[in-house]
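These are the residues of each chain, in order.
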Amino acid sequence: MTSENQAFRLAGRGVVDRSKTFSFTFDGIPYEGFAGDTLASALLANGVHLVGRSFKYHRPRGILTSGSEDPSALVELRTGARREPNTKATVTELYDGLEATSQNRFPSLRFDFLAVNSLLSPVFSAGFYYKTFMWPASFWEKLYEPMIRRAAGLGRAAMEEDPDSYDKANAFCDVLVVGSGAAGLMAAISAARSGARVILADESFAFGGRLLAENRTIDGINSAAWVKAAIGELSSLSNVRLLPRTTIFGAYDGGTYGAVERVADHLVKPAPGQPRQRLWRIVAKRTIVAQGATERPIVFGNNDRPGVMLASAARSYINRYGVAPGRTAVVFSSNDDGAATINDLANAGISVAALVDARPALPDAITARAEALGARIFAGGVVSDAIGGSRVKGACIIDASGATHTLSCDLIIVSGGFNPNMQMTTHLGGRPQWRDDLAAFVPGAMPKGMTAAGAANGSFSLASCLAEGARAGSAAAADVGFDAKPIAIPASDEESNGISAFWHVDRAKHKAFVDLQNDVTAADVALAQREGFSAVEHLKRYTTLGMATDQGRTSSVNGLAILAQLTGKTIPATGITTARPPYSPVSLGALAGEHRGKHFKPTRLTPSHNWAKEQGAVFVEAGLWLRALYFPKPFETDAQTTVIREVNGVRNGVGVCDVSTLGKVEVHGPDAGKFLDRLYINMMSTLAVGRARYGAMLREDGIMMDDGTAARFAEDRYFVTTTTVNAIKVVQHMELCKQWHWPDLDVQIVPSTDQWAQYAVAGPRARDLIARIVDKPFDVSNAAFPYMAVAELTALGGIKARLYRLSFSGELAYEIAVPARHGELLMRTLMEKGQDLGVIPYGTEALGVMRIEKGHVGGPELNGTTTAADVGLGKMASKKKDYIGRVLAERPGLTNPDRPRLAGFRPVDRAARLRSGAHFVGRNTEPVAANALGHMTSVAYSPSLGHWVGLGFLSGAETRMGEIIRAYDPVRGEDTLVEVVSPTFYDSEGARLRV
Amino acid sequence: MPSDRYSIFSVLTEALRGQTGWKPAWRKATPKPNYDVVIVGGGGHGLAAAYYLAKRYGLSNVAVIEKGWIGSGNVGRNTTIVRSNYMLPGNIPFYETSMKLWEGLEQDLNYNAMVSQRGVLNLYHSDGQRDAYVRRGNAMRMHGVDAELLDRDAVQRMYPWLNYDNARFPIKGGLLQRRGGTVRHDAVAWGYARGADQHGVDIIENTEVTGFRITNGRIEGVETSRGFVGARKVGLACAGNSSRVASMAGLNLPLESHVLQAFVTEGIKPFIDGVVTFGAGHFYISQSDKGGLVFGGDLDGYNSYAQRGNLPVVEDVIEGGMALMPRIGRVRLLRSWGGIMDMSMDGSPIIDHTPISGLYLNGGWCYGGFKATPAAGLCFAHLIARNEPHAVARAYRLDRFRTGHMVDEKGMGNQPNLH
Amino acid sequence: MRISCPHCGERALDEFSYLGDASVTRPDPAAADAADAFYTYAYERRNIAGPTQELWYHQAGCHAWLVVTRDTRTHEISDVKAAQDVALERVNSTTGAA
Amino acid sequence: MSNPATEAALNRSGLTISRRDDVAMTHVALRRGRRADLDARVSATLGLTLPDTSRTVEAAGQMAAWAGPEQWLVIGPQEAGTDPSAALAKALNGVASVVDVSDSRVIFRVRGASAADVLSLSMGIDLHDKAFKPGDVAITHASHLGVMVWRHADGQGYDFACARTYAVDFGHWLEDACSKRGVFA
Ligand SMILES: Cc1cc2nc3c(=O)[nH]c(=O)nc-3n(C[C@H](O)[C@H](O)[C@H](O)COP(=O)(O)OP(=O)(O)OC[C@H]3O[C@@H](n4cnc5c(N)ncnc54)[C@H](O)[C@@H]3O)c2cc1C
Ligand SMILES: NC(=O)c1ccc[n+]([C@@H]2O[C@H](COP(=O)([O-])OP(=O)(O)OC[C@H]3O[C@@H](n4cnc5c(N)ncnc54)[C@H](O)[C@@H]3O)[C@@H](O)[C@H]2O)c1
Ligand SMILES: Cc1cc2nc3c(=O)[nH]c(=O)nc-3n(C[C@H](O)[C@H](O)[C@H](O)COP(=O)(O)O)c2cc1C
Ligand SMILES: [Zn+2]
């Protein structure tokens, strides 16, 4: 059923499904098309050629191609949160309900204010902005640049979060075939028949490449029917994965390819749970690039007018989509393939007004056919200019003698020859090679494992595509060990493909565009050359040629050919710009996949997480961990109140804090002690079994790396902890020391962070509580289990446990650990059994307050630039042994006594608040950099002292005790007088933790 | 009369005569036998150094020797962010000098490199990050540099469409330097080249330095792919190739070459006004005057001399982008590329003498040397002309690692792939 | 890039992390020139353009350190060994010589 | 699992996901130069030979999985009142370092004929029959999460051991991979 309004739909042609009519709108106007159409073919079926406006001059733009190379048929697809700017109508698969809008125009596509830019184009030449907008200087920020920026870009990004989901997947194969034209299909079949694992991907929704677009015969049947049979065979094989709608966009090291599959782009929106697109990482032992070739236009006057179309595109619209791209055509070519388009035009009932070919002589068959069609033949002629505004109305032709002819037509078909799609063969650094006979670049030296076949390889005849594809497929399979036998090459009809290199009509009267999207004209190329931008890469950057969404697929070779003419160099000596991934643009959503929003990074939960959540804990991100920051009571309205309560609860009673996030590592083996001696600045081999020791580690450059404790459970069994943030880094460092520095030490390292739920139980009543948790007869008295004692025991009635008499808070404290699965039980039991003791849970905020009160260093002090001496641990360093970092820690810059050292600070006005990040300057000096003495690293309101306390680094800290200095914080508008004091604010003798 | 001074008048005049009167922006010079100074490397730094040598230090018998086309290195492939929001006293005055030079660049060069001070905003997501930014902001303010601390609401007013509500690492605020922004990268190279050329500097392209002539510990000139070129002084400004070039003089530098990728999307109508950096994922973004979103992230993480990277980092960077800006999911990546970073062992640069008399080094710029271009050029010129470091570049000594005077903003130590 | 871990087989780049030059080893801390040697070891880099031996860590896999021979111009990997094996050989050969 | 829609999707793709909470896991690391002794003692205690390559071996309800060079995980049932690691530590004393890691990881089990197809979409290793055979084990990551995976001897399923603190995230990923991708692969 042909809809009436598809006035340009051809009866009986194409592979669209006429039983499925789809409605769509363009700029709000409703149209109809068929399943199997692209937006472009459906628009053409309805006679719509004007689809957009160009970037700089806002000139009307139409549909130049039928593929992913299109520079001008860009639309905004969909609306609202799903709006997709710059979508190529030529590859947008039509679906029922599709909505598209033209872009870069105001107020409408036909009447666009900024089209005046076109009048100003003599001023807006390439690079004009570098030469102007400089006076007066202040106008740049306020006027010129905002103006330039407003004009930037084409389509508009959605305003809201992308509502669709994206997926990632991995695939492995023996042979990856990129492209499913004649070459790709034969490659896939020959490789697949050998049993190799094959992936065949094509960016289109239909397999077949040009075989669908050309009216050809293979093995006696129509090429589209042949494709169907070939795909039928491939889909029956279990060793083949077919990926339609999938663009291989980049080649990466080690045979890795990036690909994007448009899973649901042909639907109004994805089905529930279905991703919109999927990123494939394909690992291929061998890859066959069978991506075909892209036709290039010829540069002539007004060659950007809607109605100017590539010959191959016209054939696609006729043969694949059954659409007539116009009624009367002028064909302008430089090669047989382009010229032969008159056949397809005529078959579709399009009248051929003229065949203009830059070559002085044409093959007889073509001449004869043109004559038979009644077309005027201009051998050795050119189309100098298109006539018409928003649609081609005619063509200006200059014949071989120089005479001018004007013909009317609504279609100008152009063909300047083909550029193999070999971009991906250069992604890993290869350079393409020039072939004079084809007037094109073809793949040069290929990366390991990659070959090219068919038009991508410069083999343009169908017969050679079929043969080369088959050969490449079996060679690839054989290469990776399959018994690949040569397969029969199907017979194809004959063709001629002569070409002469022709790029640019220099007698054009109007602007002649090289890059249609970025509005780069032949004159711009000449100007750039005149101004010295004559290296291809300079040309590109100065004029922006080839930098638009099509990446110069139809323009860059023309541009460099024109440049070569101007400089008198050959094209290969002129060179070609570097191609980069992606081969065609890929949505950011697909590249991000599912890792966005809350799932941007994994979340790590502590063993007491569920319990803490029940308690209404407020959580904080600590690296990948979620930790309880504090546990507010319903009546507590601010965090400060809660934290003060928690600190007081610990200092006066007992509190429990989940410290399971500490990195934990089992270090075993006869040489474990020796090994740890080399890692820590202090001695660990002398630690008695059943005891723990605080230790510090340096990086090899002498700077503090981490601190923690080491406990010794047996002669050959240590258990060390690291800070939460450094857990992974320290294990990696230990493995390096073990495997690389000292492979002769007999030591085994087992990361065990997740094994243990570990809780600090702290406060004067901690012993009472712990005694109720550990199993009898374990004795927790100070005498039996003193400060820094450790033990393996059981708790909660037979559960394996470890007890450490360690204190971070400065109170009598323990850390008790049970296997993580019992972590929640332990927390609940502690709370239950401690009820009468007034037990409370406390979070990392209270933990932090107490460590600052005690003057323990933490993350802000161990910031990667401080030495052990800087943070007050200088005395811990053993003089009797070597350890990582010892030698370089002795460099003068690190031992200089003027280095800022750790000190404590309290506000002179005890009611004042301290802030970290403030800088210190002398009380009576200007707060300028030259007078800076250090900075505040950690602050807390100390409930124990009733005022704020701070830690920080201060030059000459030892000699400034008691001095009053300024803590200057201009970004927060604060300036506070503080007194320099010892960093230990609370129980400096440590009496409380030894009771 | 050819138009060699750029102005609105010359542009209009040329518009009327079909743009035929423009001269090449710089001459295609061929090497002379001898120069006072040869600069190796026609990137931003080499060209700027030559310009200032000629303009400020009166040395015009200068050549810049570039192995490819000028600007083919990192100056032509960076994310164009300029800022002076550093933390350490060794860095702030230097980068602020650079910022001031940027601010007067167009008038100085008579070339519009589109210095665009639309603000650089560093987001923070935790109290610890906030405090580190406060420390930095305060240090800047004490050096007379602008810095503002924004809370979450203020950030939301500037960029309402960032991910505030459904974020793994919620935005808590940011440190803003309003004077920061972007500069049109290629134009920096071209503008300095044109300026240097006008002061008589020879810019010699497609000529590779292949060795050094050194006699009794003194430099005498450079061997090139076009023969020997004599020079009393030679300055290296080879960025990612510094080690390779210095090794020809027998030097082993505290540098590693790493690949950093950058990305641009299809052009879309402007919506990101300034530069935004995402503190919880390695990601920074701005929008170019053409409309492309220009962004980058982490190093690929291995030594490389190939100007390209691999897929995992592409994904990683874009995951950061989507986490921060969920509205860009349907915007498409247009192109990705890589540059070779001369990563130093503390993340800060080196502008100093080498042990070879007359041979000077400008390197170690890591992924932050674009913003430094004017000051690096100036300080390198000063060093070469006066034989002593410029006051604002005194911390950038080559021997600072030996003596333990590192300038390590990030605290990552001698592990350049972690900076 | 894909690295063939001798223990795990070929894996994607994102399973590994990189450290640096494997041709240098931690100097003797007791030597007279230790300060110099450690400076060179920790800071100076040969940073070769071409085949290099480098230390990689199979972070997301078996936690082995590897010595990977890789060309920094092409990223092509020609050899991978377990670092511990290389180190043991080094230790044995020096003790053997002593 | 938790969500009925997921459940339905799993049913459609013929998959089951379960969590094995009843296992004991012991990390065994060779002490230098004691391989022969270790083999002998393991054989005596567990009745199996520790694999040298990335394989699993099973005997009498116990499984030993290669877990890195010179390291293994011994996995067996967790029974009240017994401590398999303690027993193993005693048996291997002096020839291996033995650590109870039963709680370090959580084991998820995916079974069903299409398991490989579905999981291969999202895992970084090749799960094809020829590449990852029954009994093979791999330490790798899936969707940013570290995991040790082995294929069941009958080829019909996989066990995934992931770090306990990431188990919630990992469980989500697994459900998601198996349901959503199963339907739309
Ligand atoms: C992706 C990326 C993003 C970045 N983003 C930013 C950013 O946002 N902000 C910022 O401040 N910095 C950024 N940087 C860093 C910045 O680009 C560099 O630090 C800076 O450009 C280096 O100085 P240069 O311009 O002189 O280097 P280059 O432009 O690399 O110049 C060095 C020149 O030396 C030449 N050369 C090398 N060897 C020889 C030889 N033997 N003979 C002759 N010539 C030779 C090279 O060809 C090259 O042209 C980024 C870098 C990259 C790659
Ligand atoms: N006579 C001539 O001058 C001439 C010139 C060129 C081509 N041709 C004809 O064109 C055909 C060429 O056959 P062929 O097989 O080499 O190419 P093809 O153009 O038929 O097929 C290439 C296929 O690759 C796909 N593709 C391209 N890049 C891709 C990517 N990155 N990812 C996924 N898919 C991608 C395309 O969608 C297309 O389907 C032959 O029929 C040949 O005769 C003729
Ligand atoms: C700030 C900036 C913006 C860019 N914008 C574009 C662009 O709009 N289109 C484009 O094709 N390339 C763009 N590029 C990338 C360049 O084309 C090119 O890839 C990059 O300069 C590296 O050079 P190479 O790819 O030739 O090695 C941009 C580069 C930079 C640094
Ligand atoms: Zn491994």
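Computed from a predicted model, the values in this text were never measured in an experiment.

A.B. asks: I'd like a rundown of the overall build of chain C, residues and numbers included.
C.D. replies: On a plain count of helices and strands, chain C comes out with 2 helices and 6 strands. Overall, chain C shows an N-to-C arrangement of helices and strands of β-β-β-α-β-β-β-α. Taken over the C-alpha atoms alone, chain C extends approximately 45 × 30 × 20 Å along its principal axes. For chain C, buried positions account for 49% of its 98 residues. Sequence-distant contacts, at least 24 apart, represent 43% of the contacts inside chain C between residues at least 6 apart. Carbon and sulfur atoms form 51% of the exposed surface of chain C, whose accessible area is close to 4000 Å². Treating the 9 positive side-chain charges of chain C as one cloud and the 14 negative ones as another, the clouds have centres 2 Å apart.

A.B. asks: Explain the coordination of the zinc ion (ligand 4) residue by residue, including any values.
C.D. replies: Residue and element names in this part refer to chain C. Listed as protein donors to the zinc ion (ligand 4) are Cys 5 (SG), Cys 8 (SG), His 58 (ND1) and Cys 62 (SG); their distances from the metal cover 2.0 to 2.4 Å. Angles of 100 to 121 degrees at the metal separate the 4 donor atoms of the zinc ion (ligand 4), which places the site in the tetrahedral class. For the zinc ion (ligand 4), the single-chain donor residues occur in sequence as C-x2-C-x49-H-x3-C. With Cys 8 in the loop between strand S1 (2-5) and strand S2 (9-12) and His 58 in the loop between strand S4 (51-57) and strand S5 (65-71), this pair connects stretches of sequence that are 50 residues apart. With relative accessibility at 13%, the residue Cys 8 sits in the buried group. For His 58, a relative accessible area of 0% gives the class buried.

A.B. asks: Which residues make up the site of ligand 1, and what are the values?
C.D. replies: Residue and element names in this part refer to chain B. Around ligand 1 lies a shell of 38 residues, among which Glu 66, Asn 74, Thr 79, Ile 81 and Lys 371 are the nearest. In the complex, 97% of the free accessible area of ligand 1, which totals 990 Å², lies under the protein chains. When contributions to the shell around ligand 1 are tallied by element, the ones reaching two or more residues are helix H2 (44-55), strand S12 (255-265) and strand S16 (332-344). Looking at which element gives the most residues to the shell around ligand 1, the answer is S12, with 3 residues. When residues of the shell around ligand 1 are sorted by domain, at least three fall in each of domain 1 (24-83 + 87-110 + 185-254 + 346-418) and domain 2 (120-180 + 257-343).

A.B. asks: Could you give me a rundown of the sheet that holds strand S5 (residues 71-77) of chain D, with the residues and numbers involved?
C.D. replies: Sheets are built from strands paired through backbone hydrogen bonds, the pairs being either parallel or antiparallel. Residues and elements named next belong to chain D. The 5 strands lie next to each other as S3-S4-S5-S2-S6, forming an open sheet whose pairing is antiparallel. This sheet does not close on itself; its edge strands, each paired only once, are strand S3 (56-59) and strand S6 (96-100). The sheet shows a mean angle of 20 degrees between the axes of neighbouring strands, taken without regard to direction. The sheet contact formed by strand S2 (residues 23-30) and S6 spans 5 bridges and is antiparallel. Note that in S6 the partner of Val 28 across the bridge is Val 98. Taken strand by strand, helix H3 (residues 84-91) contacts S2, S5 and S6, and its axis lies near 25 degrees from that of S2.

A.B. asks: Could you give an account of the pairing of strand S19 (residues 351-357) of chain A, naming the residues involved and the relevant values?
C.D. replies: Residue and element names in this part refer to chain A. Counting buried positions along S19 gives 6 out of 7 residues, so the element sits mostly inside the fold. Sheet topology note: the S19/strand S20 (residues 376-379) ladder contains 4 bridges and is parallel. Counted as the bridge partner of Leu 355 is Ile 377 from S20.

A.B. asks: I'd like a description of helix H21 (residues 766-773) of chain A, backed by residues and values.
C.D. replies: All names here are of chain A. Of the residues making up H21, those classed as buried are Ala 766, Arg 767, Leu 769, Ile 770 and Ile 773. Considered in projection along H21, the buried side chains sweep an arc of 160 degrees and stay on one side of the axis. Check the buried side of H21 and you find it contacts strand S35 (655-658), strand S41 (756-762), strand S42 (790-795), strand S43 (799-804), strand S44 (813-819) and helix H22 (823-833).

A.B. asks: Can you lay out the packing of helix H3 (residues 92-103) of chain B against helix H10 (residues 373-386) of chain B for me, pointing to particular residues and giving the numbers?
C.D. replies: Residue and element names in this part refer to chain B. Relative orientation of the contacting elements H3 and H10 amounts to 110 degrees, with a least axis distance of 7 Å. The orientation of H3 with respect to H10, classified from their angle, is roughly perpendicular. Residues Phe 94, Thr 97, Ser 98, Leu 101 and Trp 102 of H3 form the contact with H10, whose participating residues are Thr 373, Pro 374, Ala 375, Ala 376, Leu 378 and Cys 379. In terms of residue class, the contact of H3 with H10 is built from 8 nonpolar, 3 polar and no charged.

A.B. asks: Give a description of the sheet that holds strand S6 (residues 84-88) of chain A that names residues and reports values.
C.D. replies: Residues and elements named next belong to chain A. In spatial order, the strands read S2-S1-S7-S5-S6; together these 5 strands make up an open sheet with mixed pairing. Each end of this open sheet is capped by a strand with a single partner; those strands are strand S2 (29-35) and S6. For this sheet, the mean inter-axis angle between neighbouring strands, taken without regard to orientation, is 40 degrees. Examined bridge by bridge, strand S5 (residues 74-77) and S6 share 3 bridges and lie antiparallel to one another. Note that in S6 the partner of Leu 77 across the bridge is Glu 84.

A.B. asks: Residue-level account of the environment of Asn 421 of chain A, with values.
C.D. replies: All names here are of chain A. Position of Asn 421 relative to the elements: it lies in the loop between strand S25 (418-420) and strand S26 (433-435). Residue Asn 421 is classed as buried on the basis of its relative accessible area of 4%. In this structure, the C-alpha to C-alpha distance between Asn 421 and Met 788, residues 367 residues apart in sequence, is 70 Å. A polar atom in the side chain of Asn 421 sits 2.7 Å from the backbone oxygen of Gln 291.

A.B. asks: Requested: an account of the interface of chain B and chain A, with residues and values cited.
C.D. replies: Of the residues lining the interface, 109 residues belong to chain B; the matching set on chain A comes to 121 residues. Here chain B meets chain A over a buried area of about 9700 Å², counting both sides, of which 55% is carbon and sulfur. Three residues stand out in chain B for area buried against chain A, namely Met 142, Arg 168 and Arg 330 of chain B, and they jointly supply 11% of the buried area on that side. For Arg 281 of chain A, the salt bridge is made with Glu 315 of chain B, and the minimal N-O distance between the two is 2.8 Å. Our count for the contact surface shared by chain B and chain A stands at 62 residue pairs in polar contact (both at pLDDT 80 or more). Of all the secondary-structure elements, those providing two or more residues to the side of chain B that touches chain A are helix H1 (8-16), helix H4 (105-109), helix H5 (127-142), helix H7 (185-198), helix H9 (311-324), S16 and helix H11 (400-403) of chain B. Class assignment of the residues belonging to the side of chain B that touches chain A gives a composition of 45 nonpolar, 34 polar and 30 charged. Sheet topology note: the strand S31 (residues 586-587) of chain A/S16 of chain B ladder contains 2 bridges and is antiparallel. Within S16 of chain B, the position partnered with Val 586 of chain A by the bridge is Leu 333 of chain B.

A.B. asks: Mind laying out unusual backbone geometry, listing which residues take part and the relevant values?
C.D. replies: Residue and element names in this part refer to chain A. Residue Pro 107 is bonded to the preceding Phe 106 through a cis peptide linkage, with omega at 0 degrees. Within the secondary structure layout, Pro 107 lies in the loop between strand S7 (98-102) and helix H2 (116-119). The step from Pro 581 to Pro 582 runs through a cis peptide bond, and the omega angle for that step is -5 degrees. Locating Pro 582 in the fold gives a position in the loop between helix H15 (571-574) and S31.

A.B. asks: Report on the side chain of His 919 of chain A, specifying residues and quantitative values.
C.D. replies: Among the structural elements, His 919 of chain A can be located in strand S47 (residues 919-922). In terms of polar contacts, His 919 of chain A uses its side chain to reach the backbone carbonyl oxygen of Arg 135 of chain B, at 2.7 Å. For His 919 of chain A, the residues in contact, after removing those within four places along its chain, are Gly 934, His 935, Arg 966, Ala 967 and Tyr 968 of chain A together with Arg 135, Asn 138, Ala 139 and Met 142 of chain B.

A.B. asks: Outline the pattern of salt bridges, listing residues and values.
C.D. replies: Considering all chains together, one arrives at 109 salt bridges over all chains under this definition. Arg 330 of chain B serves as the salt-bridge partner of Asp 164 of chain A, at 2.8 Å between the closest nitrogen and oxygen. On the criterion of chain membership, the pair formed by Asp 164 of chain A in the loop between helix H3 (137-150) and strand S8 (166-178) and Arg 330 of chain B in the loop between H9 and S16 is interchain, its members lying in two chains. According to the relative accessible area criterion, Asp 164 of chain A is buried, its value standing at 6%. Owing to a relative accessible area of 2%, Arg 330 of chain B belongs among the buried residues under this scheme. Lys 168 of chain A serves as the salt-bridge partner of Glu 315 of chain B, at 2.8 Å between the closest nitrogen and oxygen.

A.B. asks: Any details on the site of ligand 3? Residues and values, ideally.
C.D. replies: In the vicinity of ligand 3 lie 18 residues, with Met 547, Gln 551 and Arg 580 of chain A together with Gly 76 and Arg 335 of chain B positioned nearest. Backbone polar atom of Met 547 of chain A to a nitrogen atom of ligand 3: 2.7 Å apart, as the coordinates give it. The side chain of Gln 551 of chain A places a nitrogen or oxygen atom 2.7 Å from an oxygen atom of ligand 3. Look at ligand 3: alone it shows 610 Å² of surface, and the protein chains cover 95% of it.

A.B. asks: Kindly report on the nonpolar core, identifying the contributing residues and their values.
C.D. replies: The biggest cluster of nonpolar side chains holds 188 residues, and the ones touching the most others in it are Val 330 and Phe 332 of chain A together with Ile 39 and Phe 94 of chain B. Both domains that furnish three or more residues to this core are identified here as domain 1 (24-83 + 87-110 + 185-254 + 346-418) and domain 2 (120-180 + 257-343) of chain B. For Phe 94 of chain B, the residues in contact, after removing those within four places along its chain, are Ile 351, Trp 365, Ala 372, Ala 375, Ala 376, Cys 379, Val 392, Ala 393 and Tyr 396 of chain B.

About the criteria used
Residues numbered from 1 in each chain as written. Chains lettered and ligands numbered in written order. Predicted model: local features only at pLDDT ≥ 70, side-chain atom pairs only at ≥ 80, totals over all residues. Heavy atoms only, no water. Helix = DSSP H or I, 4+ residues; strand = E, 2+ residues; numbered from the N terminus. Buried < 20%, exposed > 50% of the residue type's maximum accessible area, 1.4 Å probe, protein only. Contact = heavy atoms within 4.5 Å. Areas by Shrake-Rupley, 256 points an atom, 1.4 Å probe, with all protein chains shown as cover. Lys, Arg positive; Asp, Glu negative; His and termini not counted. Charge placed at Lys NZ, Arg CZ, Asp CG, Glu CD. Donors = N, O, S within 2.8 Å, 3.2 Å for Na, K, Ca; no water. Tetrahedral: all angles 85-135°; square planar, octahedral: opposite > 155°, others 65-115°. Near = heavy atom within 4 Å. Domains from an automatic or database assignment. Pairing = 2+ DSSP bridges. Axes fitted to C-alpha atoms, helices over the stretch in contact; angles between N-to-C directions. Arc of directions from axis to C-beta. Parallel < 35°, antiparallel > 145°, perpendicular 65-115°, else oblique. Nonpolar A, V, L, I, M, F, W, Y, C, P; charged D, E, K, R; others polar. Polar contact = N/O pair within 3.5 Å; in protein donor to acceptor, adjacent residues only side chain to side chain. Buried area = accessible area lost by both parts, 1.4 Å probe. Salt bridge = Lys/Arg side-chain N within 4 Å of Asp/Glu carboxyl O. Core = buried A, V, L, I, M, F, W, Y, C linked by side-chain atoms within 4.5 Å.

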